[in-house]
Amino acid sequence: MPGHYQITQISKILGAKNSIRHEIEIGHLLTDSRKISKAETTLFFALNGTRNGHDFIPELYAAGVFNFVVKDDYQIPPEMIDANFLWVKEVLSALQKLAAYHRQQFDYDVVAITGSNGKTVVKEWLYQLLSPDKNVVRSPKSYNSQTGVALSLWQMDAQHELAIIEAGISVPGEMEKLENMIKPAIGVLTHFAAAHDEGFSSRNQKLQEKLKLFKNVNCLIYNEDPVPLTVQNDLHGLKTFTISKKSPEAGLFVFSEENASGKTRVNAVFRGEKLAFTIPFADEASVENALLCCGTLLALGISPNIISRRIALLNPVSMRLELKNGLNNCSVIDDSYNSDINSLEIALNFLDLQKQHPKKTLILSDIYQTGLKSEVLYQQVAELTRQKNVDNLIGVGPEISKNQMLFLTPEKQFFPDTESLLKKIHKLHFRDETILLKGSRLFEFEKISRVLSQKTHETVLEINLNALQNNLNHYKSILQPGVKLMAMVKAFSYGSGSFEIAGILQFNKVDYLAVAYADEGVSLRKAGITLPIMVLNPEVSAFQELFDYQLEPEIYSFSLLEKYAVFITGKSADKFPVHLKIDTGMHRLGFEFEETAQLCLVLQNHPQLQVKSVFSHLAGSGSAEHDEFTWQQFNTFQNTCALLQTSLGHPFIRHISNTSAISRWPEMQLGMVRLGIGLYGIDSAENPGKKLLQPVAALKTSISQLKKVKAGETVGYSRNDRMEKDGVIATVRIGYADGYLRIFGNGNGKMLIKNKLVPTIGHISMDMCMLDVSEIEVNEEDEVIVFNENLRIETLADQADTIPYEILTNISQRVKRVYFYE
């Protein structure tokens with residue numbers, strides 16, 4: 001258990017003036033009023049941050065907190081005269097003073113970690129690597145600030161044998177305060193880079209500030225390669241253990257690395273002896289962090305053989321929990337990759353903050369590597385579930401099952417393993433509850449997350465596939481003979497769907513599809529789409545997916561071209577298709593005309609790449625005011641293509657026309673056109689009088705509640721809008737989290753109910769908004785049209801001073817898509 005001190009003892013430690021009405025043993029320190037753990041033994045520090053902590057004292061007092069550290073000018077409200085108050089000059093300094101005192105009660109080693117990047121990963125990996133030998137306490141999550149370090153140190157206890165504390169700074173002067181609290185015996189300096197540069201006069205000043213953490217350590221472990229020699233000279237007074245890929249004099253000299261199958265085989269020298277081990281990652285950052293952990297263990301005297309075994313088992317570090325929409329109107333908090341008592345408390349705090357459902361469920365696995373006896377550990381867990389008002393506990397694993405009698409939640413069930421739970425999960429009838437998944441990685445709770453995270457939503461986007469087919473046929477009808485058509489299905493097909501849209505396009509024999517990222521193309525391939533697919537934003541990390549799923553990348557820079565050529569060479573592939581992007585004036589991505597000669601030479605050196613098409617992007621093809629510039633772009637593109645054609649010696653498809661250019665610029669159709677938002681019935685170049693295009697999408701919701709509101713009363717957050725006369729408002733099930741923009745609030749937006757336009761009133765909320773329906777007869781659950789063929793999406797775009805693209809692509813994935821095809 002963390003520190004326990006009598007309130008009078010804490011007052012003496014802080015040198016505080018006090019008003020102590022009753023003696024109490026303090027076990028919990030609190031700086032965030034939303035995260036009360038055990039009110040009766042909590043001491044609240046009223047810090048001044050973005051909000052003044054003193055403002056929350058009445059709220060905390062009402063919640064049962066009776067112990068406060070406050071600034072020396074704070075006046076006790078009369079109704080709180082029975083509470084304990086400690087007055088100090090600076091509240092943060094008092095918190096740090098108490099943490100420093102508590103840390104000094106223990107003589108085991110403290111490992112302190114700082115750097116620019118990788119601090120939390122290194123801390124978590126060191127915990128994983130050292131826990132089999134010692135009872136280790138570590139900073140929760142990324143608790144590395146002036147406040148976070150103090151709260152981390154408070155977790156230290158006599159039963160621990162080692163502490164790992166993460167420290168971060170953003171301005172000069174902060175590290176000395178952290179060092180005074182932590183008093184580390186061992187220092188670890190992680191990757192040094194640009195993070196938080198803005199708080200310092202120079203990069204060197206930032207490094208010098210960080211090194212102040214290590215001024216009294218017994219040993220400092222760091223990667224010497226990126227650290228300036230002048231700084232290394234400053235460290236000569238310290239015992240250091242260095243890692244290097246350049247210097248054989250380093251404590252751990254890495255002389256070779258081999259990457260294969262997502263792993264890195266490392267060959268190194270330590271104390272004149274060769275050693276080899278495998279890091280289960282291939283990216284540069286992970287390898288650097290793992291080597292730093294390896295060096296730390298070597299410096300601590302852990303044998304190379306043990307290190308080799310443990311390093312190979314390192315798990316990825318998930319540094320954040322995720323809140324998702326679940327089935328049956330549930331919310332799912334996914335923290336399914338690590339589990340210990342400290343991170344459990346943090347996750348339970350987050351669960352406790354969720355108010356959208358009356359019921360709270362915790363699915364929890366066995367907790368490993370605590371150093372506590374099983375009964376003691378699960379007694380603490382049971383107490384946490386009681387404090388955080390968990391209604392339903394589902395335990396997974398033999399240890400938690402063995403201690404099930406300790407849990408007094410209203411509902412509880414236990415399973416020996418994850419597979420046993422999955423077999424019965426559909427019989428548990430989760431509904432209208434918030435579910436926290438908290439599991440050790442070995443339990444593979446991601447399987448549970450996938451089952452629970454199905455999406456449902458009463459607000460619906462209806463997609464008329466017949467209208468889409470009509471629009472496709474319209475554009476086909478105005479193409480020159482032989483011109484191919486590429487359909488843009490990026491961004492979830494402009495918010496309309498994925499394989500559902502691609503399937504109808506494939507059925508109607510378009511020539512190509514285009515997606516933004518490789519994962520979109522992979523999804524289409526898995527859904528049975530066999531059309532050629534161009535990927536507009538290929539990432540190096542996705543090259544394997546491009547190759548495996550026969551996706552064709554857009555190449556827009558020499559760097560990307562070289563990297564992809566090397567990758568394809570490694571696959572022994574021949575004539576793999578690529579698409580060259582030319583920048584003719586959009587100035588977003590692409591090769592410049594002046595780079596064409598160099599591009600030709602590079603392509604000649606990489607015959608394994610087949611240029612399938614060359615294309616560019618028109619910046620203003622739908623607007624007459626930009627016609628001269630459009631012609632300029634077209635001419636530049638043609639000249640570039642001519643040079644490439646001569647150099648390559650084989651034909652390729654040329655395309656520059658987007659939706660608006662297909663009709664406005666028939667001479668620019670060339671070998672292929674790219675049809676985007678026109679598929680969905682929107683084209684700025686369309687003749688409004690002809691109405692040849694049909695709207696594809698209709699966004700519909702419903703009324704959840706009707707309210708009578710008197711004249712002068714305000715509606716919504718901030719009280720920005722009020723009723724001009726007695727009337728009725730309808731609360732409808734759509735908000736800005738669904739994609740209905742906040743700018744539509746306060747009468748700027750209108751919706752259709754029973755074919756009548758009604759205005760919004762008040763701000764748009766996250767999940768709902770209000771309409772003034774005083775002039776029409778409506779009922780709860782009536783259908784509400786956000787846009788359709790009568791209230792066009794272009795009208796909404798005008799109301800929001802934006803473009804239809806933004807309206808469509810902003811529609812949230814939680815909005816259910818329903819497809820119609822006759």
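Given the structure is predicted, the values throughout are model-derived calculations rather than measurements.

Participant: Before we move on, can you summarise the packing of helix 3 (residues 91-103) against helix 5 (residues 146-153) with the specific residues and values?
Facilitator: Between helix 3 and helix 5, the least distance of the axes is 9 Å, while the angle of their chain directions is 30 degrees. Crossing hand, helix 3 versus helix 5: left-handed. In this structure, helix 3 contributes Leu-92, Leu-95, Gln-96, Ala-99, His-102 and Arg-103 to the contact, and helix 5 contributes Gln-146, Thr-147, Ala-150 and Leu-153. Residues belonging to the contact of helix 3 with helix 5 are distributed by class as follows: 5 nonpolar, 4 polar and 1 charged.

Participant: Please give an account of the sheet that holds strand 4 (residues 28-30) that cites residues and values.
Facilitator: Spatially, the 5 strands line up as an open sheet ordered 2-7-6-5-4, and their pairing is mixed. The strands lining the two open edges of the sheet, one partner per strand, are strand 2 (17-19) and strand 4. Adjacent strand axes in the sheet meet at a mean angle of 20 degrees, parallel and antiparallel pairs treated alike. Relative to strand 7 (residues 84-88), strand 2 runs antiparallel, the two sharing 3 bridges. Looking at strand 7, one finds that Lys-17 is bridged to Trp-87.

Participant: Describe the nonpolar core, and please don't skip the residues or the numbers.
Facilitator: The biggest cluster of nonpolar side chains holds 103 residues, and the ones touching the most others in it are Leu-505, Leu-513, Tyr-564 and Phe-787. In terms of residue count, helix 21 (residues 558-570) provides more of this core than any other element does, 7 residues in total. Residue contacts for Leu-513: discarding those within four places in its chain leaves Met-486, Ala-487, Val-489, Ala-502, Leu-505, Leu-524, Ile-529, Leu-531, Pro-532, Ile-533 and Met-534. Among the nonpolar cores identified, the runner-up in size contains 51 residues, and Ile-7, Phe-45, Val-69 and Met-156 belong to it.

Participant: So, the packing of helix 1 (residues 7-14) against helix 3: which residues are in play, and what are the values?
Facilitator: Where helix 1 contacts helix 3, the axes come no closer than 9 Å and their chain directions differ by 105 degrees. By the angle class used here, helix 1 and helix 3 are roughly perpendicular. Facing Gln-9, Ile-10, Ile-13 and Leu-14 of helix 1, the residues of helix 3 in contact are Ala-94, Lys-97, Leu-98 and Tyr-101. The residue inventory of the contact of helix 1 with helix 3, partitioned by class, reads 6 nonpolar, 1 polar and 1 charged.

Thresholds applied
- Residues numbered from 1 in each chain as written.
- Predicted model: local features only at pLDDT ≥ 70, side-chain atom pairs only at ≥ 80, totals over all residues.
- Heavy atoms only, no water.
- Axes fitted to C-alpha atoms, helices over the stretch in contact; angles between N-to-C directions.
- Helix = DSSP H or I, 4+ residues; strand = E, 2+ residues; numbered from the N terminus.
- Left-handed = near helix turned anticlockwise from the far one by under 90°.
- Contact = heavy atoms within 4.5 Å.
- Nonpolar A, V, L, I, M, F, W, Y, C, P; charged D, E, K, R; others polar.
- Pairing = 2+ DSSP bridges.
- Core = buried A, V, L, I, M, F, W, Y, C linked by side-chain atoms within 4.5 Å.
- Buried < 20%, exposed > 50% of the residue type's maximum accessible area, 1.4 Å probe, protein only.
- Parallel < 35°, antiparallel > 145°, perpendicular 65-115°, else oblique.

Structural measurements only, silent on function.
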